[in-house]
Structure formats: structure tokens, C-alpha cells
Amino acid sequence: METINLSFLAVSSAAIGLAAIVFMRLANFWGLVAHPNSRSSHGTPTVTGMGVLVPIAVLVYYLWQPQALSWGFVLGFTIVSVISFIDDVYFLKHSLRLIFQCIGLGLMILHLPFQSSGIEIMAIGTAALILGIGVINAYNFMDGVNGMLTLHSILVLLSFLFLNENLIDFENNSRAFTDSDFIINLIIPLTIFAIFNVRVHAKAFIGDVGAISIAFVILYLMFSLLLQSGNYAYLLLFSIFGADAGLTVCYKLILGENIFVPHRDFVFKKLVHIKKLSHLRVSLYYLSAQAVINLVIIFIVPQHPKLSSQLSILFIGTVVLIAAYITLQHQMNKIVNANGGHIEE
């Protein structure tokens, strides 16, 4: 069991809370306001970029425990956070953002304790980089439907926290894969942000800086968990939105469309704009489905299953998610066709 430092968390909470107050006062001055357009899911100008609280939380933790984080992670995280914040203020080309994302992820992956070498480590690193690019951009698309990214991220971090406190090796010894204070310190800014976002009419969006930075950290924690546990079934801990984003991106690639341009083709956005469900209702549906999966993976699946069992779990989970995705997309298309091919605003 990891020892929780309540004094540090209290000081960190105060610092992040103060940063939130200052940010909300300065957001309009900085031009951090998202104006609604044909591709957005909100109807009024809304403060964006409040996810800067996530880099602040990481900075506070790093100043307290600099030896707990590798310099590759810190430098990579800083690069993607800064470029994402700049993108919130001034629009940057997708190709430029992608270059900096690759550099940041490459630095983080380079300092992970892989037990491989040669061609094998190159293959693993390339796969991790591709997965990382997909995940951080998928998270970026979540911002815009109130509560979606916030609740999803808190659930994933709570799952990591529980596993960090209860993970054991083959000899039944406790084997934490990170510092529990680090995970809790990431939940703090998301909880503060939830006050402004998990509501019918959001007061703020997390922005690129928040979505991409929290995705970067979640990737780091996931990679650390996989390397410590050797259990790849844990990839299902963020699979609901992963399936929605991944399959939608594949569909748009087949059509030859730009996958980096914001759009409404995700199932969760179609549930809002076509099915006319409220933002919070859709967010709670996704949260509930992911929570069920996480409970099964954590409490029912053994911590050390055979590789064949892990692959079977991943395969079954993937098939179920694909089937659910196709079913929901078919229902959305039927509604659109019934309306003569038009989506009501």
C-alpha cells in the first residue's frame, strides 16, 4: 500500500484552486473563448483552456517530488502541454501539432523501462507511439460535450489508483507502478474543473491543453501499469471512448476525410445532435459503460492471466465494442434518413 501524503495534497489543492480562480478571471483577456460553429456541440461562447490546471498540478508535484518522474516524461509532457496551450490561443496547423506530439511522446516512451532491445524495442516503441498519437487526439475530441472528458478521466485515474494500491506480483508482494499521490494530484484539477463543466450549461471547457495533457499522463500511467503488471487486458480500462474514436477515425480514413478536423461523426456527438439526448445524459451513459468494464477487469479478471487469456479478453471486448458501435451508428443513420438526410440543430 502506498502512503498518502495529506499535507502535500492539501497544499496542492489550494494552489490549483487559486490557479482556477485566476484563470477564470483572465480567460477573456487571453482570448480563451470557444465560439460555437457548425461542428461544435455548444451553443454559446464558452471559456476554454481551463485544462491548464493539469500542467499546473504536474508542476506542483514535480517541485515536491522531482525524483519521482523521469526527465523524459517531464520534458515530453511540457512540450505537448505548451504547444496545446498555444493552439488554444492561436490556431496551429495540424501537422505542426502532430510533430510536437510525436516528439513529446517519443521522449516519454524512450524513458520507459522496457525489457527489450534491438528490433524488438523499435517495434514496441513504434506501436506505443502510434497508440499514443491516437489516444491523445481522441481525448482532444471529447472536449465539447459537457462532462464527457472530465468524468471519463476521473474514472480511469480512480481505476489506476485502486490498482496502484492493490497490485501484487507473482510472489504476492505489493508492486505499485507509480506514486499514489501523483494520481490523486491529477484528480484534483479534474474535480475542480468538473464544477465548471459537469452541468447543463458549461462555464468552461478543458481545451486542447487539458485534453492532450491529461491524455499524455494517462498514457504514461497505462504504459507503467502494463510494464509492471504484464497484463494487457488493462488496455480495456479506457476502451469505451477508444472504440468510438478509433472506429470513427477508421471510417473517416476510408472516406478520405481529414481526421484532425473537429466533426460530429462520433457516436457520442450523434447522440447529442441526432438523438437529442442531453450532454450530461450521454456522458453518464459512457461513464456507466466504462465503469462496468473497469469493475470486471479489476475484480474478475485475474491480475496475472496467461498471455492467451489476455488476448482472448481483449478480442472479446473489442468485438462487443465494435458490435455496439455499429448498432448505434445504424440507429443514428436511420434517424437522419427519416429526416431527409438532414440533422436538426
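These numbers were taken from a predicted model, which means no experiment stands behind them. (Residues numbered from 1 in each chain as written. Predicted model: local features only at pLDDT ≥ 70, side-chain atom pairs only at ≥ 80, totals over all residues. Heavy atoms only, no water.)

K.L.:
Help me understand the overall build of the protein in this model?
P.N.:
Check the secondary structure of the protein and you find 12 helices and 2 strands. Starting at the N terminus and walking to the C terminus, you meet the elements of the protein as α-β-β-α-α-α-α-α-α-α-α-α-α-α. Computed over the C-alpha atoms, the radius of gyration of the protein is 20 Å, within 12% of the 20 Å expected from 2.2 N^0.38 for a compact globule of 345 residues. Seen through its C-alpha atoms, the protein measures out along the principal axes to roughly 60 × 50 × 35 Å. In the protein, which comprises 345 residues, the proportion classed as buried is 50%. Just so you have it, the protein exposes about 16,200 Å², and 68% of that area is on carbon and sulfur atoms. Charged side chains of the protein number 16 positive and 16 negative; the gap between the two group centres comes to 13 Å. (Helix = DSSP H or I, 4+ residues; strand = E, 2+ residues; numbered from the N terminus. Rg over C-alpha atoms; globule rule 2.2 N^0.38 Å. Buried < 20%, exposed > 50% of the residue type's maximum accessible area, 1.4 Å probe, protein only. Areas by Shrake-Rupley, 256 points an atom, 1.4 Å probe, with all protein chains shown as cover. Lys, Arg positive; Asp, Glu negative; His and termini not counted. Charge placed at Lys NZ, Arg CZ, Asp CG, Glu CD.)

K.L.:
Looking at this model, I keep getting lost on the packing of helix 3 (residues 71–89) against helix 4 (residues 94–110). Mind explaining?
P.N.:
To characterise two packed helices, one gives the angle between the axes of the helices and the distance between these axes. Running from amino to carboxyl end, helix 3 crosses helix 4 at an angle of 160 degrees, the nearest separation of the two axes being 7 Å. By the angle between their directions, the pair helix 3 and helix 4 is classed as roughly antiparallel. Viewed along their axes, helix 3 and helix 4 form a crossing whose handedness is left-handed. Between helix 3, through Trp71, Gly72, Phe73, Leu75, Gly76, Ile79, Val80, Ile83 and Asp87, and helix 4, the contact on the second element is made entirely by Arg97, Phe100, Gln101, Ile103, Gly104, Leu107 and Met108. Here the residues of the contact of helix 3 with helix 4 sort into 10 nonpolar, 4 polar and 2 charged. (Axes fitted to C-alpha atoms, helices over the stretch in contact; angles between N-to-C directions. Parallel < 35°, antiparallel > 145°, perpendicular 65-115°, else oblique. Left-handed = near helix turned anticlockwise from the far one by under 90°. Contact = heavy atoms within 4.5 Å. Nonpolar A, V, L, I, M, F, W, Y, C, P; charged D, E, K, R; others polar.)

K.L.:
In this structure, what is going on with the pattern of salt bridges? I would like to understand it.
P.N.:
Where side chains of opposite charge bring their charged atoms close, a pairing between them can arise. Inspection of the entire model under this criterion finds 2 salt bridges. Among the ionic pairs, Arg97 bridges to Asp87, the shortest N-O distance being 2.5 Å. Of the two residues, Arg97 is situated in helix 4 and Asp87 in helix 3; the sequence distance between them amounts to 10 residues. Of the two residues examined, Arg97 and Asp87, each falls in the buried class. Residue Asp208 pairs with Arg97 through a salt bridge whose shortest N-O separation is 3.7 Å. (Salt bridge = Lys/Arg side-chain N within 4 Å of Asp/Glu carboxyl O.)

K.L.:
I keep staring at helix 3 and nothing clicks. Help me out?
P.N.:
Spacing of three or four residues puts side chains on the same side of an α-helix, whose turn is 3.6 residues. Here helix 3 is 19 residues long and its end C-alpha atoms lie 27 Å apart, about the 27 Å a rise of 1.5 Å per residue gives. Residues of helix 3 that are buried include every one of Gly72, Phe73, Val74, Gly76, Phe77, Val80, Ser81, Ile83, Ser84, Asp87 and Asp88, and no others. Buried residues in helix 3 make contact with helix 2 (53–64), helix 4, helix 7 (180–197) and helix 8 (207–229). (Expected span 1.5 Å × (residues − 1).)

K.L.:
Could you clarify how one ought to interpret the environment of Ile214 in this entry?
P.N.:
Considering the arrangement of structural elements, one finds Ile214 in helix 8. On the basis of relative accessible area, Ile214 is assigned to the buried category, the value being 0%. Expressed as a C-alpha distance, the spacing of Ile214 and Leu186, which sit 28 residues apart in the sequence, is 8.2 Å. The contact partners of Ile214, leaving out residues within four places of it in the chain, are Val54, Tyr139, Leu149, Ser153, Leu157 and Leu190.

K.L.:
Can you walk me through the packing of helix 3 against helix 8 in this structure?
P.N.:
It is at 7 Å that the axes of helix 3 and helix 8 come closest, and there the two elements cross at 160 degrees. Here helix 8 runs roughly antiparallel to helix 3, going by the angle between their axes. Between helix 3 and helix 8 lies a crossing whose hand is right-handed. Here helix 3 contributes Phe73, Gly76, Phe77, Val80, Ser81, Ser84, Phe85, Asp87 and Asp88 to the contact with helix 8, which in turn contributes Gly207, Asp208, Val209, Ile212, Ser213, Phe216, Val217 and Tyr220. Classifying every residue of the contact of helix 3 with helix 8 by side-chain character gives 9 nonpolar, 5 polar and 3 charged.

K.L.:
Before we go on, may I ask you to explain the environment of Asn146 in this structure?
P.N.:
Locating Asn146 in the fold gives a position in the loop between helix 5 (118–142) and helix 6 (148–166). Residues Asn146 and Ile188 lie 42 residues apart in sequence; the distance between their C-alpha atoms is 18 Å. Residues in contact with Asn146, not counting those within four places in the same chain, are Asn197, Arg199, Val200, His201, Ala202, Phe205, His279, Leu280 and Ser283. A distance of 3.1 Å separates a polar side-chain atom of Asn146 from the backbone oxygen of Val200. (Polar contact = N/O pair within 3.5 Å; in protein donor to acceptor, adjacent residues only side chain to side chain.)

K.L.:
Explanation requested: the packing of aromatic side chains in the structure shown.
P.N.:
Ring pairs (aromatic) are described by centroid distance and by the angle formed between their planes. Throughout the structure, instances matching the rule amount to 15 aromatic pairs. Considering the side-chain rings of Tyr61 and Trp64, the 5.9 Å spacing of their centres and the 65 degrees angle between planes classify their relative orientation as edge-to-face. A residue pair is termed a helical-turn pair when its members lie 3 or 4 positions apart in one helix, as Tyr61 and Trp64 do in helix 2 at 3 residues. Given a relative accessible area of 0%, Tyr61 falls into the buried group. (Phe/Tyr/Trp six-rings, centres within 6.5 Å; stacked < 30°, edge-to-face > 60°.)

K.L.:
Explain the nonpolar core here, please?
P.N.:
Note that soluble globular proteins tend to have their nonpolar side chains buried in a common cluster. Counting residues in hydrophobic clusters, the biggest one holds 96 residues, and the most contacted among them are Phe73, Met108, Tyr139, Leu157, Phe160, Phe182 and Leu221. Sorting elements by how many residues they give to this core places helix 8 first, with 15 residues. Setting aside anything within four residues of it in sequence, one finds Leu157 in contact with Ile183, Leu186, Ile187, Leu190, Ile214, Ile218 and Leu221. (Core = buried A, V, L, I, M, F, W, Y, C linked by side-chain atoms within 4.5 Å.)

K.L.:
So what exactly am I meant to see when it comes to a nonpolar patch on the surface here?
P.N.:
Where nonpolar side chains cluster on the molecular surface, the patch consists of Phe162, Val292, Leu295, Val296, Phe299 and Ile300 and spans about 580 Å² of accessible area. Per element, the largest residue contribution to the nonpolar patch is 4 residues, and it comes from helix 11 (residues 279–299). Checked against the element boundaries, Leu295 lands in helix 11. (Patch = residues over 30% accessible without salt bridge, like charges linked within 9 Å, V, L, I, M, F, W, Y side chains within 5 Å.)

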